[in-house]
Amino acid sequence: MLERIGSPRDLKDLTDAELDELAAEIRDFLVDNVSRTGGHLGPNLGVVELTIGIHRVFDSPHDSIVFDTGHQSYVHKLLTGRRDFSNLRRRGGLAGYPARDESVHDIVENSHASTALSWAAGIARGHTLRGEDGRTTVAVIGDGALTGGMAWEALNSLGASHDRVVVIVNDNGRSYAPTIGGLARKLDGIRTDRRYEQFLGWGKRTFANRGRFRNFAYLSVMHGKRALKGLLTDQGMFADLGIKYIGPIDGHDQRHVERALEQARELGGPVLVHVLTEKGRGYSPAEQDDADRFHAVGRIHPETGLPIEASRFGWTSVFADEMLAAGEDRPDVVALTAAMLAPVGLQPFADAHPDRVIDVGIAEQHAVTSAAGLAYAGLHPVVAVYATFLNRAFDQVLMDVALHKAGVTFMLDRAGITGDDGPSHNGMWDMALLRHVPGLRLAAPRDEPTLRQAFRDALDVDDAPTVVRYPKGAVPEPLPALRSVGDIDVLAEHGEDPRVVVVGLGSMAATAVETVGKIAAEGISAIAITATWAHPVPGGLLEAIGGAELVVTVEDGLTDAGLGEEWAAYARLAGTPAQWSHHGVPREFLQHATRAQIVDDLGLDASDLAAHALGLITRD
Ligand SMILES: Cc1ncc(C[n+]2csc(CCOP(=O)(O)OP(=O)(O)O)c2C)c(N)n1
Ligand SMILES: CC(=O)[C@@H](O)[C@H](O)COP(=O)(O)O
Ligand SMILES: [Mg+2]
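Rules behind the numbers
- Residues numbered from 1 in each chain as written.
- Chains lettered and ligands numbered in written order.
- Predicted model: local features only at pLDDT ≥ 70, side-chain atom pairs only at ≥ 80, totals over all residues.
- Heavy atoms only, no water.
- Helix = DSSP H or I, 4+ residues; strand = E, 2+ residues; numbered from the N terminus.
- Expected span 1.5 Å × (residues − 1).
- Contact = heavy atoms within 4.5 Å.
- UniProt positions renumbered as here; feature names shortened; annotations may be inferred.
- Buried < 20%, exposed > 50% of the residue type's maximum accessible area, 1.4 Å probe, protein only.
- Polar contact = N/O pair within 3.5 Å; in protein donor to acceptor, adjacent residues only side chain to side chain.
- Axes fitted to C-alpha atoms, helices over the stretch in contact; angles between N-to-C directions.
- Parallel < 35°, antiparallel > 145°, perpendicular 65-115°, else oblique.
- Left-handed = near helix turned anticlockwise from the far one by under 90°.
- Nonpolar A, V, L, I, M, F, W, Y, C, P; charged D, E, K, R; others polar.

1. Here's the deal with helix 12 (residues 254–267)
Look at helix 12: 20 Å from first C-alpha to last across 14 residues, which is about the 20 Å you get at 1.5 Å a residue. Contacts made by the buried residues of helix 12 are with helix 1 (16–37), helix 3 (48–57), strand 3 (165–171), strand 4 (244–250) and strand 5 (271–276). Of the residues flanking the end of helix 12, it is Gly 268, one or two places downstream, whose phi is positive at about 85°.

2. Observations regarding the UniProt feature "binding site: thiamine diphosphate" (unreviewed entry) in the protein chain
Under the UniProt annotation, the feature "binding site: thiamine diphosphate" (unreviewed entry) is placed at His 71, Ser 111, His 112, Ala 113, Gly 144, Ala 145, Asn 172, Tyr 283 and Glu 364. For the annotated residues, spread through 294 residues, the largest C-alpha to C-alpha distance comes to 31.6 Å, inconsistent with a single compact locus. Mapped onto the elements of the fold, Ser 111 is located in the loop between helix 4 (74–79) and helix 5 (116–129). We classify Ser 111 as buried; its relative accessible area is 3%. Those residues in contact with Ser 111 that sit more than four places away from it in its chain are Thr 69, Tyr 97, Ser 424 and His 425. Here the side chain of Ser 111 touches Ser 424 through a polar contact of 2.6 Å, side chain to side chain. Inspection of the secondary structure puts Gly 144 in the loop between strand 2 (137–142) and helix 6 (149–158). Non-local contacts of Gly 144, meaning those with residues more than four positions away in its chain, are made with Arg 174, Ser 175, Thr 179 and Ile 362.

3. A closer look at the packing of helix 1 against helix 3
For any two helices packed against each other, one specifies the inter-axial angle together with the distance between the axes. At a minimum axis distance of 10 Å, the contact between helix 1 and helix 3 shows a crossing angle of 125°. Relative to helix 3, helix 1 is oriented oblique. In this structure, helix 1 meets helix 3 at a crossing whose hand is right-handed. Residue-level contacts link Leu 19, Leu 22, Ala 23, Ile 26, Arg 27 and Leu 30 of helix 1 to Val 48, Glu 49, Ile 52 and Arg 56 of helix 3. A breakdown of the residues in the contact of helix 1 with helix 3 according to their chemical character gives seven nonpolar, no polar and three charged.

4. Remarks on helix 1
Between its first and last C-alpha atoms helix 1 spans 32 Å; for 22 residues at 1.5 Å apiece the expected length is 32 Å, and the two agree. Directly after helix 1, the chain includes Gly 38, whose backbone phi takes a positive value near 85°.

5. Some thoughts on unusual backbone geometry
Following Gly 247, the chain continues into Pro 248 via a peptide bond in cis, with omega recorded as -5°. On the secondary structure map, Pro 248 appears in strand 4. Of note, Ser 114 is a non-glycine position whose phi angle comes to about 75°, a positive value. Examined against the element boundaries, Ser 114 turns out to sit in the loop between helix 4 and helix 5. Of note, the phi angle at Lys 405 is positive, near 50°, even though the residue is not glycine.

Here it is as structure tokens:
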């Protein structure tokens, strides 16, 4: 059946039986393919009927369809003609999120949650202002993403508009773990209050074989059901905002879904359709997974769902262990997460100290400012987020934490090039952004011992924000310092009075050591240095550089606005004569590929860096 679907139009004439067959085939396809490549298996298994329904009721790309976060768009890709998932999230293959260069049906490439309703509000207003009144804008947003503040900014605005927007809340009750907070409770109440559905069922059964009288009675009950729904299921929340509400709908009942979407389309807008789905639906290993229903998996055995590759998250585990220890020693330490308790490594701490972990939902801005409040109240908050997601909370770091000299520790996981998770997931902006925050100290540890120590040091800073950033994946072998000059660690040295100094920050420290080895092999004296606390400029830098001719910096962050630039400016002001050559990530959006491929493309490996340095040094 799937092979018959070359475009969404091919869906329109399928029979009920063919639709059920198609849904089953799509689920088999997802398990078979994503188990081989890794990806967001659980979220996509939960939106099969919903996505089919969207593409049967609406007419993409005439109608604009937007996916919030976009991790649940694999089915959309399948139904819009893309079948080759063999290289999903890998170079040359499909992106893990919508991608405009893949399809005219793809609109939002940003994988940062809670933006879809704002996109939809803008697109719909655009259609209205251009007189394109027949075009509907559809936004699919998960219950987790709906906990993000931007979503409510958009709902507030939509409530005052008359634009043709259909908001579909894909409510599976989970982000990774069950969604938290008052909104989740409200949705849960609607989701689980079966009185309305039972009454509806009674109505249908009672008037099923309708005679004339019964027909009249049935229609009066059904037309009155909106009032009943308001009475029985307390769904006024959205209607009070000026947004019509349809639901709750069984998101796995194809006909029910399509009837609701047709009703929404006819209503014009804005209207919200509340769809109840199950993350991981139809794949028992995911359905039985209490952790996160296979939200984001590596390669797995399709039969069992068991991972094929070892755990991918070494740095995270080191932080998890250190945080657990801190929880014992420091009763003032509390943790905040933005709906990613396990992925950032806070689960062990949460198990030991459940009252000292605050999950704010997908609400990083709220997390940061409430951390400033916690610090004011005498605690030491640890905000654990992926580096890229802190971008949206820059103002809160600046004006709530730093302005008030609040002792808040930020643990930035997935810092630097992450690679396969797409352009908006690379954590490449934090050092360039955060170095402008007055009073902020930033550490880029190079290995397990320096990560542990940096975290402990950070907990002792109670009058300023501290940031500890570390990459995705396995932790490298420990890189002990041969000696230290102030706060600078010398990791390798070849020859006296080095002509070349290579600075490797954080995850690039090992690269610096390898680079100076290659330079020395060409008869040029060289040393490799780093500093765990890399911002502000560490003491001892000028002494470490000495009279070198060339300083090469390499960092897992922006090249032209990163810490290498900051160190160079400091040295130049001090009058050191060295030439500086900076290497990092260019100020552009990196398309999905493996981290290794991107590092190689950017010339951030030791061979390229050594060749670059040797090209700048005059040979005797
Ligand atoms: C700003 C931001 N914070 C965190 C994340 C990480 N993240 C990706 S998906 C997800 C859970 C989304 O839950 P929901 O919106 O309910 O979608 P579902 O996976 O349940 O379909 C999270 C927290 C993100 N993408 N963006
Ligand atoms: C969509 C999203 O933002 C997360 O699911 C993210 O893709 C997880 O990344 P990791 O796999 O690195 O934990
Ligand atoms: Mg969800």
